[in-house]
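# Overview (structure and organization)
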Protein chains: 2
Amino acid sequence: MSVGLREVAARAGVSVRTVSNVANGFAHVAPDTRRRVQQAIDELGYRPNSNARQLRRGRTETVSLVVPEIDTPYFAELASLTVRIAEERGWTVHIDQTDGDPDRERRMVAGPVGRSVDGVLCSPWAVSSEELSRLRTGPVVVLGERRAASGLDHVAIDNVAAGVTATAHLLSLGRRRVAAIGAQPHLHNGTARLRLDGYRSALREAGVPVAEGLVARVQTLHRPDGASAMARLLDSGEQVDGVFCFTDELALGAMRTLAERGLRVPEDVAVVGFDDIVDGRWSVPALTTISPDKAQIARMALDCLAARIADPAAPDRDLVAAHRLLVRETASG
Amino acid sequence: MSVGLREVAARAGVSVRTVSNVANGFAHVAPDTRRRVQQAIDELGYRPNSNARQLRRGRTETVSLVVPEIDTPYFAELASLTVRIAEERGWTVHIDQTDGDPDRERRMVAGPVGRSVDGVLCSPWAVSSEELSRLRTGPVVVLGERRAASGLDHVAIDNVAAGVTATAHLLSLGRRRVAAIGAQPHLHNGTARLRLDGYRSALREAGVPVAEGLVARVQTLHRPDGASAMARLLDSGEQVDGVFCFTDELALGAMRTLAERGLRVPEDVAVVGFDDIVDGRWSVPALTTISPDKAQIARMALDCLAARIADPAAPDRDLVAAHRLLVRETASG
DNA sequence: TTGTAAGCGTTATCAC
DNA sequence: GTGATAACGCTTACAA
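Overview of the structure. (Residues numbered from 1 in each chain as written. Chains lettered and ligands numbered in written order. Predicted model: local features only at pLDDT ≥ 70, side-chain atom pairs only at ≥ 80, totals over all residues. Heavy atoms only, no water.)

## A few points about the protein's contact with DNA strand C
Note the threshold: Only heavy atoms are used to decide nearness, and a residue is near a molecule or strand if one of them lies within 4 Å of it. Pairs of N or O atoms within 3.5 Å make up the polar contacts considered here, provided that, within protein, one atom can donate a hydrogen while the other can accept it, and that residues adjacent in sequence are counted only when both atoms are side-chain atoms. A run of H or I in DSSP counts as a helix once it spans at least four residues, and a run of E counts as a strand once it spans at least two, with each numbered from the N terminus. Residue classes follow a fixed rule: Ala, Val, Leu, Ile, Met, Phe, Trp, Tyr, Cys and Pro count as nonpolar, while Asp, Glu, Lys and Arg count as charged, and any other residue, Gly among them, counts as polar.
Taken together, 26 residues sit near DNA strand C, with Ser20(A), Arg17(B), Thr18(B), Thr33(B) and Arg56(B) positioned nearest. Of all DNA strand C atoms lying within 4 Å of any protein atom, the proportion belonging to sugar or phosphate reaches 63%. Side-chain polar atom of Arg6(A) to a phosphate oxygen of DNA strand C: 3.2 Å apart, as the coordinates give it. At 2.9 Å, a backbone N or O of Ala30(B) approaches a phosphate oxygen of DNA strand C. Of all elements in the fold, only helix H1 (5-12), helix H2 (16-23) and helix H4 (50-57) of chain A together with helix H2 (16-23) and helix H4 (50-57) of chain B reach the threshold of two or more residues within the surface near DNA strand C. Counting residues per element, the surface near DNA strand C draws most heavily on H4(A), which supplies 4 residues. For the surface near DNA strand C, the class distribution of residues is 9 nonpolar, 9 polar and 8 charged.

## Quick notes on the interface of chain B and chain A
Formally: Contacts are assigned to residue pairs that have any heavy atoms within 4.5 Å of one another. In short, buried area is how much 1.4 Å probe accessible area vanishes from two parts on joining, totalled over both. Every case where a carboxyl oxygen of Asp or Glu lies within 4 Å of a side-chain nitrogen of Lys or Arg is listed as a salt bridge.
Contact with chain B, which involves 47 residues of that partner, is made by 47 residues of chain A. Buried area between chain B and chain A, summed over both chains or domains, comes out near 4000 Å², and the portion from carbon and sulfur atoms is 50%. Together, Arg47(B), Arg115(B) and Trp282(B) form the three largest contributors to the area buried by chain B at its contact with chain A, with a combined 22%. Where chain B touches chain A, the interface holds 8 salt bridges. Our count for the chain B to chain A interface comes out at 20 residue pairs in polar contact (both at pLDDT 80 or more). Within the residue set of the side of chain B that touches chain A, elements represented by two or more residues are H4, helix H5 (73-88), strand S2 (92-97), helix H6 (102-110), helix H10 (223-235), helix H11 (248-260) and helix H12 (278-282) of chain B. For the side of chain B that touches chain A, the element with the most residues is H5(B), which contributes 6 residues.

## With respect to unusual backbone geometry
Residue and element names in this part refer to chain A. A cis amide bond, omega -5°, links Val284 with the succeeding residue Pro285. As for its placement among the helices and strands, Pro285 is situated in the loop between helix H12 (278-282) and strand S10 (288-292). Residues other than glycine seldom take positive phi values, yet Asp276 does so here, at roughly 55°. Inspection of the secondary structure assignment puts Asp276 in the loop between strand S9 (270-274) and H12.

## Quick notes on the relation of the copies chain B and chain A
Convention followed: In this comparison the copies share one frame, found by least squares on the C-alpha atoms of residues holding pLDDT of at least 70 in both.
Screw-axis analysis of chain B against chain A gives a translation of 0.1 Å along the axis, an RMSD of 0.1 Å, and a rotation angle of 180°. In short, the pair behaves as if placed about a two-fold rotation axis. When C-alpha positions in chain B are compared against the rotation axis, the closest is assigned to Asn51(B), at 2.6 Å.

## Structural notes on the protein's contact with DNA strand D
Around DNA strand D sit 26 residues in total, of which Thr18(A), Thr33(A), Leu5(B), Arg53(B) and Arg56(B) are the nearest. Sugar and phosphate atoms represent 59% of those atoms of DNA strand D found within 4 Å of the protein. At 2.8 Å from a base nitrogen of DNA strand D is found a side-chain nitrogen or oxygen belonging to Arg56(A). Tyr46(B) has a polar side-chain atom sitting 2.7 Å from a phosphate oxygen of DNA strand D. Those elements giving two or more residues to the surface near DNA strand D turn out to be H2 and H4 of chain A together with helix H1 (5-12), H2 and H4 of chain B. It is H4(B) that provides the largest number of residues to the surface near DNA strand D, a total of 4 residues. Looking at the surface near DNA strand D residue by residue, the classes come out as 9 nonpolar, 10 polar and 7 charged.

## Topic: the packing of helix H5 (residues 73-88) of chain A against helix H13 (residues 294-310) of chain A
Residue and element names in this part refer to chain A. How we decide: Fitted lines through C-alpha atoms serve as axes, helices being fitted only where they are in contact, and the angles separating the N-to-C directions of these axes extend from 0 to 180 degrees. An angle counts as roughly parallel when it lies under 35 degrees, as roughly antiparallel when it exceeds 145, as roughly perpendicular when it falls between 65 and 115, and as oblique in every other case. Each crossing gets its handedness from the near helix: less than a right angle anticlockwise from the far helix is left-handed, clockwise is right-handed.
One way to put it is that H5 packs onto H13 with a least axis distance of 9 Å and a crossing angle of 50°. By the criterion of interaxial angle, the relationship of H5 to H13 is oblique. The crossing of H5 and H13 is right-handed. Note on element contacts: H13 touches H5 through Lys294, Ala295, Ile297, Ala298, Arg299 and Leu302, opposite Tyr74, Glu77, Leu78, Leu81, Thr82, Ile85, Ala86 and Glu88. Tallied by class, the residues present in the contact of H5 with H13 amount to 9 nonpolar, 1 polar and 4 charged.

Laid out in structure tokens, this is it:
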């Protein structure tokens, strides 16, 4: 049936210890022995059982990436990069989706760590870092800014600064009725709040009054929310000549509504998004957006997790990755 | 350190056997014992070690999904659905990406199966089913049509019929210079070939001559390929009033080129895509497309894999999932 | 209903 | 440099 170390050992006329040494590329094996063992391995088609190995070693060389949804473009890209970069250090990534369900989020962070995975990378949606910190049973790195001492490592871009940049860009184009789409006062996930802070701060700095009627809330960050938020804004009677959307998906939804209302982008309304998903590069017109350095985020998070695994008692860190404004067609001048 | 069955047993004053029974929800445990054990489990924060469990049981309750890229919208959606549906039967899905590399494809199908996973769902790109069949060391289900007896189970939609439907729709709109974007004669993956067969067959049936100059080849199925293929078509001097793209991504790329050339969609050129990715629902104009029933594909594949695991010797099956034409703005009349 | 003990396939600690 | 052999944490006959 299943061929293990024992069968190979018998065939090569050595002990399991020696086979294990060869299979793991250990140094001190006589060349002749190595050759004989390797041959037996090939002939029998031996493949090591990773479960047994992990059980014995107490390490899985696997980390999990917990995100709200796998098929959201931003998370799909992030996951893809994370898998690729993790591979460089010999790690396997297990991708988990929570569907934004707080209980699943809690379970996926608390449950498997230290058992089936060595650590967790989590992009929380409905649960605060503070709670995750209390729940955790092993190394956890949070993707997203730390708002206060949380007891957890965090990796994120500077969302406030990015919000300022996006809004200031719209203002620099001469727009004075700049709306914001994406406020989420109901969530523990503080990202939207930070981008909103940036938006308000840029307006203040430019001496443009902050009209609360220009701030649209959303339930999720997907296209339908962007479309309906844009419609609400337009229907409210507020004048709008620019809009900062907290995700590209929201922006793409908003653009659809603008097109349906016969409003031109960017002539009538300029649009800036956030995330730099590929859809935005190919929309017509192409979307101006804040581009977070996703590869850097993934790499920092993985490095940070490795450090945390190596030293569980180290003080927690707050790492910030780069971002930049990508000026394309929906907001340029 | 790590709390296991033993610690819990000691605390509850029972044997490990009983703790295991409680942890696994076994029937025959005295209510009082169960209560005591459960309390010890909670107090000690016991979490079962899945590696040990899997090693002992010889089953991982995990399957892997091998796709070219996680962040391709189609595969991201499929992965998301697969994870969700697999959950219903208590399975975990491990998502692997091959980047279209044949060696990785071979490794990911042949390596882990029977060791760290109970079976594999594979959407091959560069390796033929026949070869995968020879390489496999355990249950494998291929996502994609069987072109000949392959020795493997297959799940797919009827790509020829879908190609006919898409092309016929364009013809029904009065278009007579219908191009096809997406031919991939260099790949083992036969999907493009089948869609092309459908395209040709629809033209023949309508008595429209098949102009080979209207068939554009691509290297990958992403937007840049669609954009450059469209540009080549236009530059070749061929008249084009309709185009059938073998993926929505290709279509979105092609639409970008059309916009840059000042051609209107659908007035000047009507466009039909394939896959029904969400981007197409929100593009301006919205993309008419062939919509494969992805949830059905995922469910069929999982069911098929379960059956294969249960009976490795059963004759291989060829399952076909549903698809339909979704008429939106880029091709309607 | 519950306890005892034998493995699952590895790796790691001793010896030799 | 290589061979016995004891764990790793769990499930499961077999007993009691």
